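One letter stands for each residue in the lines below.
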Amino acid sequence: MGTQAFNAAGPPQGTKAPSGGSDPHAVGERAGTGSFIEFRDVWLAYNDELFAAGQFAVEAIDLQVNEGEFIAIVGPSGCGKYTFIKLATGLRMPSRGRILIDRQPVTGPLKISGMAFQAPSLLPWRTTVDNVLLPLEIVEPYRSNFKAKRKEYEERARQLLQKVGLAGYEDKFPWQLSGGMQQRASICRALIHQPKMLLLDEPFGALDAFTREELWCILRDLWMEQKFNVILVTHDLRESAFLADTVYVMSKSPGRFVVRREIDLPRPRELEITYSKEFTDIVLELRSHIGAIRKTTQAPA
Ligand SMILES: Nc1ncnc2c1ncn2[C@@H]1O[C@H](COP(=O)(O)OP(=O)(O)OP(=O)(O)O)[C@@H](O)[C@H]1O
Ligand SMILES: [Mg+2]
């Protein structure tokens, strides 16, 4: 049924000082599989003391994601979902293991990624279009030619805003927009530099159910058109099943990937599918995995 339980291996034997980052040259020893995202036995402790004490935020992550694949990650609070995002974008280096993105070892923050969070965090003194343009003013190579290419970039931002239903709101300020509109703008901001990988941490968590479903469809359409990789962190199992190709369930902290569920629903998916038996069966199955995880009591440290 496309469900796979991950092998829950024990903690690594012995502790040694964190490498402080992977040696990029060592990766060549084992050729990449050609996956777009590849985690090889990745562990992260947030600092040396935690590492020495064997306290990891995430453990033994092995993962291979195809180019253009949409994955969702679900799991209890504090299990390490955002930690996984930080690892996948190079904001944190693993204490153990290797990470390859787009077949390259990750050695620092990646420019090929865009991110959006639960709070849209738009700058109130900039118009919507100027908020969307912000990454191009900061990130190279756009930054150097921003003045010369401003017109072209602005046109791109306006087109993107139109695509997500914000035509007519481009020159308004964030405080003149509803929460759902602000979140659309923040997704545009994450996509303006045409990233190969989009990371979303609970992007629709603060929205009402109807607005949330509207934004699912907007994200679905953008993804179907541009086929960037998506890592969506969510607490909403329906959201994960509607949008993703594959859903990963994480265990309680320390976070491990314990279940991999392929969502074999045909595409394009319309909202009606969420009322089908097939769909509710998947959601129930995911719910039962989460329920099982929540029941397990953690051994005292
Ligand atoms: N900078 C940090 N230093 C030390 N520990 C951290 C740091 N950031 C996160 N942690 C710890 O790592 C664990 C995982 O945190 P993370 O933010 O990844 O969880 P999460 O799954 O995103 O949680 P939530 O669902 O509540 O957002 C938690 O135990 C947290 O306390
Ligand atoms: Mg989080």
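Residues numbered from 1 in each chain as written. Chains lettered and ligands numbered in written order. Predicted model: local features only at pLDDT ≥ 70, side-chain atom pairs only at ≥ 80, totals over all residues.

Draft legend 1. Inspection of the confidence of the model for the protein chain at higher detail. When the pLDDT values of the protein chain are averaged, the result is 89; 89% of them are 70 or greater. No element of the protein chain has a lower mean pLDDT than strand S1 (residues 3-5), at 76, and none a higher one than strand S4 (residues 70-74), at 98. pLDDT under 50 marks residues 7-30. Its contacts with residues more than four places away, or in other chains, come to 28 contacts. (pLDDT = per-residue confidence, 0-100. Helix = DSSP H or I, 4+ residues; strand = E, 2+ residues; numbered from the N terminus. Contact = placed C-beta atoms within 7 Å.)

Draft legend 2. Region of interest: the pairing of S4. Across the five residues of S4, five count as buried, placing the element largely inside the fold. Pairing of S4 with strand S10 (residues 246-250), which is carried by four bridges, proceeds in the parallel orientation. Paired with Ile73 across the bridge in S10 is Tyr248. (Buried ≥ 20, exposed ≤ 12 C-beta atoms within 10 Å, placed from the backbone. Pairing = 2+ DSSP bridges.)

Draft legend 3. How the structure looks around the site of ligand 1. Taken together, the residues surrounding ligand 1 are Tyr46, Ala57, Ser77, Gly78, Cys79, Gly80, Lys81, Tyr82, Thr83 and Ser253. Looking at side-chain class alone, the shell around ligand 1 contains four nonpolar, five polar and one charged residues. (Near = placed C-beta within 6 Å. Nonpolar A, V, L, I, M, F, W, Y, C, P; charged D, E, K, R; others polar.)

Draft legend 4. Representation of the sheet that holds strand S11 (residues 257-262) within the structure. Ordered in space as S1-S11-S10-S4-S9-S8-S7, the seven strands form an open sheet in which the pairing is mixed. Of all strands in the sheet, those with a lone pairing partner are S1 and strand S7 (113-117), marking the two edges. Each neighbouring strand pair of the sheet contributes to a mean axis angle of 15 degrees, computed without reference to strand direction. Where S7 and strand S8 (residues 197-201) come together, five bridges link them in parallel fashion. Opposite Ser113, over in S8, you have Met197 as the bridge partner. Across the sheet, helix H5 (residues 179-191) is in contact with S7 and S8; its angle to S7 comes to roughly 165 degrees. (Axes fitted to C-alpha atoms, helices over the stretch in contact; angles between N-to-C directions.)

Draft legend 5. Main features of the nonpolar core. Residues Ile71, Ile73, Val132, Ala157, Leu161, Cys188 and Val247 are the most contacted members of the largest nonpolar core, which totals 74 residues. The element contributing the most residues to this core is H5, with six residues. Those residues in contact with Ile73 that sit more than four places away from it in its chain are Lys81, Phe84, Ile231, Val233, Tyr248 and Met250. (Core = buried A, V, L, I, M, F, W, Y, C linked by C-beta atoms within 7 Å.)

Draft legend 6. Representation of helix H4 (residues 146-163) in the model. Maximal helix bending in H4 amounts to about 40 degrees, located at Glu152. Taken together, the buried positions of H4 are occupied by Tyr153, Ala157, Leu160 and Leu161. Buried-residue contacts for H4 involve helix H3 (128-138) and H5. (Bend = angle between axes of the 7 residues up to and from the residue.)

Draft legend 7. Up close: the environment of Val164. Topologically, Val164 is positioned in the loop between H4 and H5. Residues Val164 and Leu219, 55 residues apart in the sequence, show an inter-C-alpha distance of 8.5 Å. With residues near it in sequence (within four places) discarded, Val164 still touches Arg184, Ile187, Cys188 and Ile218.

Draft legend 8. Seen up close, unusual backbone geometry. Here Glu140 and Pro141 are connected by a cis peptide whose omega angle stands at 5 degrees. On the secondary structure map, Pro141 appears in the loop between H3 and H4. Residue Pro268 follows Arg267 across a cis peptide bond; omega there is 0 degrees. Secondary-structure assignment places Pro268 in the loop between S11 and helix H8 (277-295). Of note, Ala60 is a non-glycine position whose phi angle comes to about 45 degrees, a positive value. Here Ala60 shows up in strand S3 (residues 58-65).

Draft legend 9. Layout of the packing of H3 against H5. Interhelical geometry of H3 versus H5 gives an angle of 30 degrees and a closest axis separation of 7 Å. When the interaxial angle is binned, H3 and H5 end up roughly parallel. Regarding H3 and H5, the two cross each other, and that crossing is right-handed. For the pair H3 and H5, the contacting residues are Thr128, Asn131, Val132, Leu134 and Pro135 in the first and Ala185, Cys188 and Arg189 in the second. Looking at the contact of H3 with H5 residue by residue, the class counts come to five nonpolar, two polar and one charged. (Parallel < 35°, antiparallel > 145°, perpendicular 65-115°, else oblique. Left-handed = near helix turned anticlockwise from the far one by under 90°.)

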